Amino acid sequence: RVGVFSDSHVVNNTAKLAKALDTYQTIDPNMKMGMTGDIIYQNEDINADPSAKNLPERYDTFLNLYKEKGFSIDNSVYAMGNHEFVQNATSAEKYDAINAESKALFTQKTGLAPNHVKTWNGYTFIAASPDSYSNNMSAQSESWVLEQIRAAEAASADKPIFYFQHQPLYNTVYGSTSVNPNSEGFLTELAKHPRVIVLTAHCHYAAHDPRSIWQGG
């Protein structure tokens, strides 16, 4: 089993996340986990304060709880979301350094690269992260994702492939029509791989709404 969660926005408020993790443990204490971003909340805002910085303690709070509840990053995939970056540090060149720090802190604290892939019981799980608070996926990340998909297809003729990113693919699920984080070329190519199951987050709409699963076929 693989549980999926996102948008817990951990600062020091962990009660709801603790309840969710307890539920997952009740279902299966050996469950793998997939996280689609905004697990923590880097809530310093660079527009309000040019000296805003990444806060390592956000990860400490989350990871301590995660371990306490019996989960391990070794058995997880975790795609960064916009709130793993300093607030409003967009993809503008002037924010390159602080966004690089955000990604480096993610790796330092989790042991995971922003883009990573894991195989569990022959099934492939791919996680890719945006380059900034803007949620835009870089051409390099998109190319890497497609390479991992092709490799997974070559490894198995019939198994589904699971892909995690934070912001939904444009015009697919409830709330996904305001911003397109991916290039048209990526979306066109991804559509050629029907075994890929894309798991996203960000919109904060009800997961049990039928429109939270793509209705297009």
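Residues numbered from 1 in each chain as written. Predicted model: local features only at pLDDT ≥ 70, side-chain atom pairs only at ≥ 80, totals over all residues. Heavy atoms only, no water.

### Comments concerning the pairing of strand E2 (residues 32–35)
- Across four bridges, strand E1 (residues 2–5) lies against E2 in parallel orientation. By the bridge assignment, Val-4 is partnered in E2 with Gly-34.
- After leaving E1, the chain enters helix H1 (residues 15–27) and then returns to the sheet as E2, a path that is right-handed.
- For E2 and strand E3 (residues 76–78), the ladder comprises three bridges, and the chain directions are parallel. Paired with Met-33 across the two strands is Ser-76, which belongs to E3.
- Remark: the E2/helix H2 (residues 56–68)/E3 crossover connection has right-handed handedness. (Pairing = 2+ DSSP bridges. Helix = DSSP H or I, 4+ residues; strand = E, 2+ residues; numbered from the N terminus. Right-handed = clockwise from strand over helix to strand, strands pointing away.)

### Remarks on the packing of H2 against helix H3 (residues 96–110)
- Contact geometry for H2 and H3: axes closest at 10 Å, N-to-C directions at 35°. Crossing geometry of H2 relative to H3 is assigned as right-handed. In contact with Pro-56, Tyr-59, Asp-60 and Leu-63 of H2, H3 contributes Leu-105, Phe-106, Lys-109 and Thr-110.
- Of the residues assigned to the contact of H2 with H3, the class counts are five nonpolar, one polar and two charged. (Axes fitted to C-alpha atoms, helices over the stretch in contact; angles between N-to-C directions. Left-handed = near helix turned anticlockwise from the far one by under 90°. Contact = heavy atoms within 4.5 Å. Nonpolar A, V, L, I, M, F, W, Y, C, P; charged D, E, K, R; others polar.)

### A closer look at the side chain of His-116
- Counting through the fold element by element, His-116 comes out in strand E4 (residues 116–120).
- On the basis of relative accessible area, His-116 is assigned to the buried category, the value being 8%.
- Ignoring any residue separated from it by four or fewer positions in sequence, one finds His-116 in contact with Val-77, Tyr-78, Phe-125, Ile-126, Ala-127 and Trp-144. (Buried < 20%, exposed > 50% of the residue type's maximum accessible area, 1.4 Å probe, protein only.)

### Some words on the sheet that holds E2
- The sheet built from three strands is open, its strands ordered E1-E2-E3 with parallel pairing. The open sheet is flanked by E1 and E3, the only strands paired with a single partner. Neighbour-to-neighbour, the strand axes of this sheet turn through a mean angle of 15°, independent of strand direction.

### Considerations on unusual backbone geometry
- With phi around 50°, His-9 is a residue other than glycine that occupies positive phi space.
- Residue position: His-9 is located in the loop between E1 and H1.
- Here the phi dihedral of His-204 falls at roughly 65°; this positive angle occurs in a residue that is not glycine.
- For His-204, the position within the fold is in the segment after strand E7 (196–199).
- The class of His-204 is exposed, set by a relative accessible area of 54%.

### Some details on the pattern of salt bridges
- All chains considered together, the criterion is met by eight salt bridges.
- Across the salt bridge formed by Glu-189 and Lys-192, the nearest N and O atoms sit 3.3 Å from each other.
- Connected through salt bridges with shared partners, the residues Arg-150, Glu-189 and Lys-192 form a single ionic network. (Salt bridge = Lys/Arg side-chain N within 4 Å of Asp/Glu carboxyl O.)

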